[in-house]
Amino acid sequence: MSPGNKVFGKEWADNLRATNVEKLRTKLSEALGNRTSFTFEIGSGHGHWLAAYAKHNPEEFCLGIDLITERIAKCHRKQTLGQITNVAFLKAEASEVLDALSPTQRLAKIFILYPDPWPKKRHHKNRFINPENLSRLADHAAPGALLHFRTDDPDYYAWTVAELQKHPKWTILDQKPWPFETQTFFEELLKAKNDVIAQKTGD
Ligand SMILES: C[S@@+](CC[C@H](N)C(=O)[O-])C[C@H]1O[C@@H](n2cnc3c(N)ncnc32)[C@H](O)[C@@H]1O
């Protein structure tokens with residue numbers, strides 16, 4: 001590929017992202033209505049965890065997202081069968097959702113459970129936890145909001161702890177208990193649990 005094509009490729013990707021973010025603004029306002037805060041799960045997978053969490057916490061409104069259409073369809077089925085009215089699921093990419101949120105749509109709690117670990121070193125750049133996404137999360141988190149991260153992968157766990165420790169807007173809480181247990185689809189497969197909970201610092 002020539003350097004010219006690379007520029008074209010970046011411009012195309014930037015335009016696609018801007019279009020996706022614009023469409024998500026509409027979808028988010030449909031899903032959230034005039035709610036000003038909500039519990040956010042990134043990578044809901046088959047929806048086991050957020051459907052159960054929403055049922056257990058009827059006072060919270062929950063939004064789950066995933067990249068994969070069939071998984072979101074399973075989430076919708078769980079929501080319908082369980083008659084759960086305080087949860088919405090969207091097929092969407094997390095950083096685009098964060099860029100589409102309005103300043104009044106704040107994250108009260110964030111859950112990232114068994115995210116893709118991208119174990120090969122050359123793929124680490126694909127991990128969701130990175131300084132840019134931690135800033136995006138902090139920028140949209142309500143004051144004092146908690147970020148809950150769970151993985152089976154010890155290397156991704158250590159990576160996430162290190163990224164949170166370096167980030168000026170997140171503080172790891174060592175003593176905070178995990179708020180709600182129900183096995184996710186991947187937890188059932190993978191078994192191991194490495195948890196970190198961090199709090200947004202500042203306003
Ligand atoms: C390993 S699965 C875990 C699913 C679920 N949390 C569980 O524990 O069963 C990771 C999920 O995150 C989704 N995912 C990965 N990157 C994402 C992103 N940037 N935005 C939204 N979803 C994402 C994938 O499509 C996949 O369903």
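As shown above, the structure is provided for reference.
### Details of the overall build of the protein
Now for step 1: When you go through the protein residue by residue, the secondary structure sums to seven helices and seven strands.
Now for step 2: If you list the helices and strands of the protein from N to C, you get α-β-α-β-α-β-α-β-α-β-α-β-α-β.
Now for step 3: Its C-alpha radius of gyration of 17 Å places the protein within 12% of the 17 Å reference for a compact globule of 203 residues.
Now for step 4: The dimensions of the protein, computed from C-alpha atoms along their principal axes, are 55 × 35 × 35 Å.

### Examining the sheet that holds strand β3 (residues 87-91)
Hydrogen bonds between backbone groups are what pair the strands of a sheet, and the pairing can be parallel or antiparallel.
Now for step 1: Here seven strands make up an open sheet; going across it, the order is β3-β2-β1-β4-β5-β7-β6 and the pairing mixed. In this open sheet, the two edge strands, each paired with only one partner strand, are β3 and β6 (170-172). Ignoring which end each strand starts from, the neighbouring axes of this sheet average 20 degrees apart.
Now for step 2: Bridge count between strand β1 (residues 37-42) and strand β2 (residues 62-66): four bridges; the pairing is parallel. Bridge pairing links Ile 42 to Ile 65 in β2.
Now for step 3: On the sheet, helix α3 (residues 69-81) packs against β2 and β3 and is oriented at approximately 165 degrees with respect to β3.

### Here's the deal with the site of the ligand
Now for step 1: Not every one of the 19 residues close to the ligand is listed here, only the nearest: Gly 43, Gly 45, Tyr 114, Thr 184 and Phe 186.
Now for step 2: Looking at the shell around the ligand, the elements that each hand over two or more residues are β2 and α7 (185-190).
Now for step 3: No other element matches the three residues that α7 contributes to the shell around the ligand.
Now for step 4: Classifying every residue of the shell around the ligand gives eleven nonpolar, three polar and five charged.

### A look at α3
Now for step 1: In this model, α3 (13 residues) spans 18 Å end to end at C-alpha, consistent with the 18 Å of a helix rising 1.5 Å per residue.
Now for step 2: Within the sequence span of α3, burial applies to Ile 72, Cys 75, Lys 78 and Gln 79. In a view along the axis of α3, the buried residues occupy a sector of 115 degrees, so they form one face of it. Seen from the open side of α3, the exposed residues pointing more than 90 degrees away from its buried face are Thr 69, Glu 70, Thr 80 and Leu 81.
Now for step 3: The inward-facing, buried residues of α3 contact α2 (48-56), β2 and β3.
Now for step 4: Backbone geometry just after α3 places Gln 83 at a positive phi near 50 degrees.

Definitions and cut-offs
- Residues numbered from 1 in each chain as written.
- Predicted model: local features only at pLDDT ≥ 70, side-chain atom pairs only at ≥ 80, totals over all residues.
- Helix = DSSP H or I, 4+ residues; strand = E, 2+ residues; numbered from the N terminus.
- Rg over C-alpha atoms; globule rule 2.2 N^0.38 Å.
- Pairing = 2+ DSSP bridges.
- Axes fitted to C-alpha atoms, helices over the stretch in contact; angles between N-to-C directions.
- Contact = placed C-beta atoms within 7 Å.
- Near = placed C-beta within 6 Å.
- Nonpolar A, V, L, I, M, F, W, Y, C, P; charged D, E, K, R; others polar.
- Expected span 1.5 Å × (residues − 1).
- Buried ≥ 20, exposed ≤ 12 C-beta atoms within 10 Å, placed from the backbone.
- Arc of directions from axis to C-beta.

Everything listed is a geometric property; what it means functionally is a separate question.
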